[in-house]
Amino acid sequence: MDEKRRKLAIWIVASLIFQGSIYLYFDQFLLAPTSTYEVSAAADSVAGGKAYYSRDRRYTAIVKANSVDIYMAPRKDPVRTVELGSKKVSYFRWLKDRDLALMALHEDSGDSSAVTLTQIHPLGAEHELSETVSKLPRGSKVVDVAYSTATNVIYMQVIVSTSPEQYRVYRTDANRDLKRVYLNASRIGRIAVLYDQDTMFYDNLAEGTVTARHVDGSWQVISPPGGKYRLVGVENNVIYLARLNTEGLATAIYTGRFKEKFKEERVLATPMDVRQITVKELGKAAAK
């Protein structure tokens, strides 16, 4: 009997080791690029539009051609409809720490265009602030927004030309002081901000570098020398960069904090388009 028990115990231990090896392989190798980063669309495609979900999925916003319909879980009760009229939505995102969304609209009029960034409360609360930039080149629209709920600063990235590709960035704050932010590049990729400091980061696509722009107008390149890099994002003041190969694809992820050296955090199993890589878990890397 003791011999049978000993063999059974050995078999169980061996089985656990085997299963653990499989899980380790999946976690550290096969699924490694997606454990901290995810490949996903900004929204789910649904009938008639795109669905955007609030932080806890309590609210769902369906962005359509002529309206934005907001529903409340769990019964998907309609709670609000925002009529767009002749304007179009170019950007929509729920804030990460409250039930409030940012929505960017654009509208052409003659030879110019106007873009508006506005707050959207699911229940239609009063005092929804909005900022409008007028007299932009026709076809201009907001393509990205970087904000911090700690500093109440918002940066809007506006594409003003597609041929050649050119962008402008505008800044606003709690005092509704809207100003254009002048950069050392017109072709930029992603933008991001620190949580507790008014510093903006952006891609200089022409140079393959990532730059920090301070509120006083000064700037500095923060990406490591001797390579091409793109900005992935900033979470809890941890900055994520992607190193590029000669074909412009991401091959590794680097992490670091502002004014500190970056280190290689992970080599991607397969080179991929940087635009498909986003920071997935808020603060997870910073907490380690």
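The structure presented is a predicted model; accordingly, all values stated were derived computationally and were not measured. (Residues numbered from 1 in each chain as written. Predicted model: local features only at pLDDT ≥ 70, side-chain atom pairs only at ≥ 80, totals over all residues. Heavy atoms only, no water.)

1. Here's the deal with the side chain of His214
The residue His214 is located in strand β17 (residues 209-214) in this model. A distance of 3.1 Å separates a polar atom in the side chain of His214 from a polar atom in the side chain of Gln220. Leave out the neighbours within four places in its chain, and His214 touches Asp198, Thr199, Trp219, Gln220 and Phe258. (Helix = DSSP H or I, 4+ residues; strand = E, 2+ residues; numbered from the N terminus. Polar contact = N/O pair within 3.5 Å; in protein donor to acceptor, adjacent residues only side chain to side chain. Contact = heavy atoms within 4.5 Å.)

2. Points about the layout of surface pockets
Taken as a whole, the second largest pocket encloses approximately 370 Å³ of empty space. Lining of the second largest pocket is provided by 20 residues; of these, Leu102, Gln119, Leu129, Asn152 and Ile154 occupy positions nearest its centre. Counting residues per element, the ones that place at least two in the lining of the second largest pocket are β9 (112-120), β10 (130-137), β11 (141-148) and β12 (153-162). Tallied by class, the residues present in the lining of the second largest pocket amount to 9 nonpolar, 7 polar and 4 charged. (1 Å grid on protein atoms, 1.4 Å probe; cavity = no way out; pocket = protein on both sides within 12 Å on 5 of 7 lines; lining within 4 Å. Points joined across faces, edges and corners; volume = space filled by probe spheres on them. Nonpolar A, V, L, I, M, F, W, Y, C, P; charged D, E, K, R; others polar.)

3. What about the nonpolar core?
With 17 residues, the main nonpolar core has Leu102, Leu117, Val142, Val145 and Val158 as its most contacted residues. Only β8 (101-109), β9, β10, β11 and β12 provide two or more residues apiece to this core. A total of 4 residues in this core trace back to one element, the largest contributor, which is β12. Excluding residues within four positions of it along the chain, Leu117 makes contact with Leu102, Met103, Ala104, Leu129, Ser130, Glu131, Val145, Ile154 and Met156. (Core = buried A, V, L, I, M, F, W, Y, C linked by side-chain atoms within 4.5 Å. Buried < 20%, exposed > 50% of the residue type's maximum accessible area, 1.4 Å probe, protein only.)

4. Examining the packing of aromatic side chains
This structure, assessed with the given rule, holds 5 aromatic pairs. Pairing Tyr52 with Phe92 gives two aromatic rings, centres 5.2 Å apart and planes at 45 degrees, and the pair type is tilted. With Tyr52 in strand β3 (residues 49-53) and Phe92 in strand β7 (residues 88-94), this pair connects stretches of sequence that are 40 residues apart. Judged by relative accessible area, Phe92 falls into the buried class, the value being 6%. Aromatic side chains Phe201 and Phe258 sit 5.6 Å apart centroid to centroid with 80 degrees between the ring planes, which places their arrangement in the edge-to-face category. (Phe/Tyr/Trp six-rings, centres within 6.5 Å; stacked < 30°, edge-to-face > 60°.)

5. Focus on the pairing of strand β6 (residues 77-83)
Examined bridge by bridge, strand β5 (residues 67-72) and β6 share 6 bridges and lie antiparallel to one another. Bridge pairing in β6 links Ile70 to Arg80. Hairpin connection, β5 to β6: the antiparallel pair is bridged by 4 residues, and Lys76 has positive phi, about 55 degrees. (Pairing = 2+ DSSP bridges.)

6. Comments concerning the pairing of strand β13 (residues 165-172)
Here 8 bridges tie β12 to β13, and the two strands are oriented antiparallel to one another. Bridging across to β13, Val158 finds its partner in Arg168. In this antiparallel pair of consecutive strands, β12 and β13, the connection spans 2 residues. With 3 bridges connecting them, β13 and strand β14 (residues 179-181) associate as antiparallel partners. In the strand pairing of β14, Arg171 is matched with Lys179. Turn length for the β13-β14 hairpin, with the two strands adjacent in sequence and antiparallel, is 6 residues, and the turn residue Arg176 shows positive phi of about 60 degrees.

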